Amino acid sequence: MNILTNNHKKISMNDSSQIMLSNKKAEGDLLRLIQRIVEQAIKEQYTINYDNDKLLCTLCSDFKKYLNDFGYSSKYQSSVKATLNKAEFLFGPEKKIHEITSKEIEEFIQFCRRKAPAGYKVDFRNIRTLFSKAISWNLIKENPCKLVKLPKEQQQRREYLTLSELQTVLTFIRLQVLKDIYLFAFQTALRLSELLNLRWSDVSINDGIITVGSESFRTKSRKIRTIPLSSEAIEILKRRFPKYINPVDDFVFTKKEGKQYSANFVSKNFKRALRSAGISENVCFHSLRHSSISHALNNGAPLSAVKDFAGHSSIQTTQNYLHTNMDDLRKVSQTFNKASQTLSIAVGDK
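Residues numbered from 1 in each chain as written. Predicted model: local features only at pLDDT ≥ 70, side-chain atom pairs only at ≥ 80, totals over all residues. Heavy atoms only, no water.

Caption draft 1: Spatial organisation of empty space enclosed by the protein. Scanning the model with the defined rule gives one cavity of 30 Å³ or more in all. The volume enclosed by the largest cavity comes to roughly 50 Å³. Lining the largest cavity, in full, are E194, N197, L198, R199, D202, T211, V212, G213, S214, S216 and F217. Each residue belonging to the lining of the largest cavity can be placed in one class, and the counts come to three nonpolar, five polar and three charged. (1 Å grid on protein atoms, 1.4 Å probe; cavity = no way out; pocket = protein on both sides within 12 Å on 5 of 7 lines; lining within 4 Å. Points joined across faces, edges and corners; volume = space filled by probe spheres on them. Nonpolar A, V, L, I, M, F, W, Y, C, P; charged D, E, K, R; others polar.)

Below you can see the structure in the form of structure tokens.
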């Protein structure tokens, strides 16, 4: 078969196929070129060769704009903003960034530690990230946080709730929707933000699965995950399944009028119920996630599977939830009983 072109030259089918392949290759090359141009334009917007007179206040402003432009969560942006406000207060906004030393970073850490003893490590991570970005923007050559070591502290014991303790706590909760939220959190290990942003479009009751994360909601790890549900979690969803699903605000756990609960309302009500139940003051809503992960691990669930179920970015994080219960510890101590008896007999023989 021949193809007649505009200039009336005959081209064979093989030649035609080669032309088509050549055109596709050219289209692919063009798309890759456009992609590189766009990426370079974005990079150049934030990669600028500044001189050594760059001020801390300007760097902070640029960094906050960068976080906003690249869609970082509002929670993270608020955390960074709080840290940068402390840095500008301590160093002064007119401080040149290349003049900030490791010693001054250590003074900054102590300042943050006095202001917020429980959160100064977050401030250190944020300020370290700021200077890492300054390096990538060619503003400084070395990160002044590089040689700074945080003081070692005694690791606090994680607080867990057993299922029976949770059931006791739930007796002090009046609203059924809150009971459902707390029990569902234990059954799924969802973070509070993940739970409150769960939509019916993320739920497949027939398949017994939910999808955590979407285009409209980013998870902490920035990864979308799909997890299977326990029979009790499925029953909670069936109980809450509405007669009419709002296509815009189709959240699962809402008020009667369909509006979302605030994280503050949910966590405070849980804390109030914990106090009424006489549970440790160190327990909070996030302890439900700790309890869920710990329960799974200590009942034989594979470590790698629990990692994916919980949405951890590394398996080391999941390993932190492994703990030994008191019964297992007693078994260890009992191994010494036989040894002690043998030792007593040996001493007595002498």
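Past the structure itself, the notes keep going.
Caption draft 2: How the structure looks around the packing of aromatic side chains. Applying the stated criterion across every chain yields a total of 13 aromatic pairs. An angle of 25° between the planes, with centres 5.9 Å apart, marks the rings of F89 and F111 as stacked. Linking F89 in helix 3 (residues 74-91) with F111 in helix 4 (residues 102-115), this pair joins segments that are 22 residues apart in sequence. Residue class for F89 comes out exposed when judged on its relative accessible area of 64%. Measuring from centroid to centroid gives 4.7 Å for Y182 and F270, while their planes differ by 50°, and the two rings are tilted. (Phe/Tyr/Trp six-rings, centres within 6.5 Å; stacked < 30°, edge-to-face > 60°. Helix = DSSP H or I, 4+ residues; strand = E, 2+ residues; numbered from the N terminus. Buried < 20%, exposed > 50% of the residue type's maximum accessible area, 1.4 Å probe, protein only.)

Caption draft 3: Spatial organisation of the sheet that holds strand 4 (residues 209-212). In space, the three strands of this open sheet follow the order 3-4-5, with antiparallel pairing throughout. Every interior strand has two partners, whereas the edge strands, strand 3 (203-204) and strand 5 (225-228), have only one. Strand direction decides the pairing type here: strand 4 and strand 5, joined by four bridges, are antiparallel. Following the sheet pairing, I209 is matched in strand 5 by P228. (Pairing = 2+ DSSP bridges.)

Caption draft 4: Main features of unusual backbone geometry. The backbone of N138 shows a phi angle near 60°, a positive value even though the residue is not glycine. Examined against the element boundaries, N138 turns out to sit in the loop between helix 5 (120-136) and helix 6 (163-170). The class of N138 is partly exposed, set by a relative accessible area of 41%. Its identity as a non-glycine residue notwithstanding, A189 has a phi of 65°, on the positive side. For A189, the position within the fold is in the loop between helix 7 (176-188) and helix 8 (192-196).

Caption draft 5: Quick look at the packing of helix 2 (residues 56-69) against helix 3. Interhelical geometry of helix 2 versus helix 3 gives an angle of 180° and a closest axis separation of 10 Å. In terms of axis orientation, helix 2 runs roughly antiparallel to helix 3. Between helix 2 and helix 3, the contacting residues are L56, C57, C60, F63, K64, L67 and N68 on the first element and Y76, Q77, V80, K81, L84, A87, E88 and F91 on the second. Taken together, the residues of the contact of helix 2 with helix 3 break down into ten nonpolar, two polar and three charged. (Axes fitted to C-alpha atoms, helices over the stretch in contact; angles between N-to-C directions. Parallel < 35°, antiparallel > 145°, perpendicular 65-115°, else oblique. Contact = heavy atoms within 4.5 Å.)

Caption draft 6: The nonpolar core, seen in detail. Judged by nonpolar contacts, the single largest core of 39 residues is most densely connected at I181, Y182, F184, I210, V266, F270 and F285. Elements with a minimum of two residues in this core: helix 6, helix 7, helix 8, strand 4, helix 9 (231-240) and helix 10 (263-276). Here this core gets eight residues from one element, more than from any other, and that element is helix 7. When residues no more than four places from it in sequence are discounted, the contact partners of V266 are L178, I181, Y182, L192, L196, Y261 and F285. Counting 28 residues, the second largest nonpolar core, distinct from the first, contains L56, F131, I140 and C145. (Core = buried A, V, L, I, M, F, W, Y, C linked by side-chain atoms within 4.5 Å.)

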